[in-house]
Amino acid sequence: MKRSINTHLNILKMQQNKTWSILLYVLFLSSFLVLFFISFQGELEKMLEWAKNSERSVQDISGIQDALILLKNTPTANTSIRSNANLSLISLSQIGAVFSESLGWGDPQEYQITSTGWATSITLNITQWGPISYRFAAFNSGSESSSILISSGVITTNGIIPLSSSLSTHILVVDPLWGDVRYTLDTKTTTTTPSSSSYRLERTVNGYKKDEGMYDVVHFIPKSRTNFDYGKMGMYLKD
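The structure displayed is predicted, hence computed values, not measured ones.

*Asks:* Is there a simple way to explain the pattern of salt bridges in this structure?
*Replies:* Oppositely charged side chains can form a pair if their charged atoms are brought close together. In the structure shown here, the tally under the stated rule is five salt bridges. The partner of Arg225 in a salt bridge is Glu144, and the shortest N-O contact between them spans 3.3 Å. In this pair, Arg225 sits in the loop between strand E14 (208-218) and helix H2 (230-233) while Glu144 sits in the loop between strand E7 (132-139) and strand E8 (148-155), placing the two residues 81 residues apart along the sequence. Glu144 carries the same exposure label as Arg225, and that label is buried. The salt bridge involving Arg203 is made with Glu212; its shortest N-O contact spans 2.6 Å. Connected through salt bridges with shared partners, the residues Arg200, Glu202, Lys209 and Asp211 form a single ionic network.

*Asks:* Explanation requested: the layout of surface pockets in the structure shown.
*Replies:* Left-over empty space is what a probe sized like a water molecule reveals as it rolls over the atoms. Approximately 230 Å³ is the volume attributed to the largest pocket. If you go around the largest pocket, you meet 17 residues; those closest to its centre are Thr74, Pro75, Thr191, Thr192 and Thr193. Mapped onto the lining of the largest pocket, the elements with two or more residues apiece are helix H1 (2-73), strand E5 (109-115) and strand E12 (191-194). In terms of residue count, E12 provides more of the lining of the largest pocket than any other element does, three residues in total. Of the residues contributing to the lining of the largest pocket, the split by class is four nonpolar, twelve polar and one charged. Considering only enclosed or pocket space, the second largest pocket measures out at about 170 Å³ in volume. Forming the walls of the second largest pocket are Leu92, Ser93, Ser100, Glu101, Ser102, Leu103, Asp107, Pro108, Gln109, Ser196, Ser197 and Ser198. Mapped onto the lining of the second largest pocket, the elements with two or more residues apiece are strand E4 (98-103) and strand E13 (196-205). A per-element tally of the lining of the second largest pocket places E4 first, with four residues.

*Asks:* Teacher, can you tell me more about the sheet that holds strand E3 (residues 94-95) here?
*Replies:* Two pairing modes exist for strands in a sheet, parallel and antiparallel, and in both the strands are linked by backbone hydrogen bonds. The five strands are arranged E3-E4-E11-E6-E9 in an open sheet whose pairing can be described as antiparallel. On the outer flanks of this sheet lie E3 and strand E9 (158-162), each paired with one strand and no other. As paired elements, strand E6 (residues 121-129) and strand E11 (residues 181-186) share six bridges and run antiparallel to each other. Paired with Thr123 across the two strands is Asp186, which belongs to E11.

*Asks:* I tried to follow the environment of Val218 on my own but got confused; where do I start?
*Replies:* Mapped onto the fold, Val218 is located in strand E14. Separated by 23 residues in sequence, Val218 and Ser195 place their C-alpha atoms 6.2 Å apart.

*Asks:* How should the sheet that holds E14 be read in this particular structure?
*Replies:* Strand order in the open sheet made by the four strands is E1-E2-E13-E14, with antiparallel pairing throughout. Across the chains shown, the open sheet's two edge strands, defined by having one partner strand only, are strand E1 (78-81) and E14. If you compare each strand with its neighbour and ignore which way they point, the axes differ by 25 degrees on average. Pairing between strand E2 (residues 84-91) and E13: five bridges, direction antiparallel. Across the sheet, residue Leu87 finds its bridge partner in E13, namely Arg203.

*Asks:* Quick question: what am I supposed to make of the packing of aromatic side chains here?
*Replies:* Any two aromatic rings considered together are summarised by their centre-to-centre distance and by the angle between their planes. Applying the stated rule across the entire model yields four aromatic pairs. For the ring pair Phe228 and Tyr230, a centre distance of 4.7 Å and an interplane angle of 80 degrees mean the geometry is edge-to-face. One aromatic cluster is present, built from ring pairs that chain together Phe139, Phe228, Tyr230 and Tyr236. Sitting over the face of the ring of Tyr236, Lys223 holds its NZ or CZ atom 4.7 Å from the ring centroid.

*Asks:* Can you walk me through unusual backbone geometry in this structure?
*Replies:* Among all residues except glycine, the phi angle is most often negative; among peptide bonds, the trans geometry is most common. The omega torsion of the bond from Gly130 to Pro131 falls at 0 degrees, within 30 degrees of zero and hence cis. The backbone of Trp129 sits at a positive phi, close to 60 degrees, despite the residue not being glycine. Secondary-structure assignment places Trp129 in strand E6. The class of Trp129 is partly exposed, set by a relative accessible area of 49%. Residue Asn206 is not a glycine yet carries a positive backbone phi of 50 degrees.

Scoring rules and cut-offs
- Residues numbered from 1 in each chain as written.
- Predicted model: local features only at pLDDT ≥ 70, side-chain atom pairs only at ≥ 80, totals over all residues.
- Heavy atoms only, no water.
- Salt bridge = Lys/Arg side-chain N within 4 Å of Asp/Glu carboxyl O.
- Helix = DSSP H or I, 4+ residues; strand = E, 2+ residues; numbered from the N terminus.
- Buried < 20%, exposed > 50% of the residue type's maximum accessible area, 1.4 Å probe, protein only.
- 1 Å grid on protein atoms, 1.4 Å probe; cavity = no way out; pocket = protein on both sides within 12 Å on 5 of 7 lines; lining within 4 Å.
- Points joined across faces, edges and corners; volume = space filled by probe spheres on them.
- Nonpolar A, V, L, I, M, F, W, Y, C, P; charged D, E, K, R; others polar.
- Pairing = 2+ DSSP bridges.
- Axes fitted to C-alpha atoms, helices over the stretch in contact; angles between N-to-C directions.
- Phe/Tyr/Trp six-rings, centres within 6.5 Å; stacked < 30°, edge-to-face > 60°.
- Lys NZ or Arg CZ within 6 Å of the ring centre and 35° of its normal.

In structure tokens, the structure reads:
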């Protein structure tokens, strides 16, 4: 009888230990699963944030490329990126209708004026060093072969360059004579395009502006105007 009771108690004890073991296992497994899902949720949130940032980055890159294409055809002082209102491309050489330029010896700049917008002249002011020589020719669009040289000369401080009242398109070449030169060119109401220009990518965050890169834009290749005789016009004297 005593042995039977002991046996029964041992069985109860074993069952109790087994129950505790199962309970501990369940608690351990539950804790593991909770920690796993917390970790997984954190990684999932990181993945979603990365995907969101990647999508935004792709949209920004596409928006910047679209803006650069527009600037290639029509240079402006600044332009916003359509996909992101916080991003802008800022010209390093143009403020409104005024171009600022630094040139070195043997480094001329060519401008094409495709519309005068009722302006009768443009103004070139030397801000440092100098002097410069300039050549200014004009023709009607499609009649480059009949172009004429309107004016040419040397500017030491500032000069007013008259536009043709009868011809629609002009080409201006500015060339340093003895070394470096800095100047401004006020194009007024004309539609003027330099051969190239540079833009700074600017991001606005909480009122602060941050530079995020530089972009060089080639608007046209110098000396590439079809049927325009640069040599005959003497546009590039050092060639």
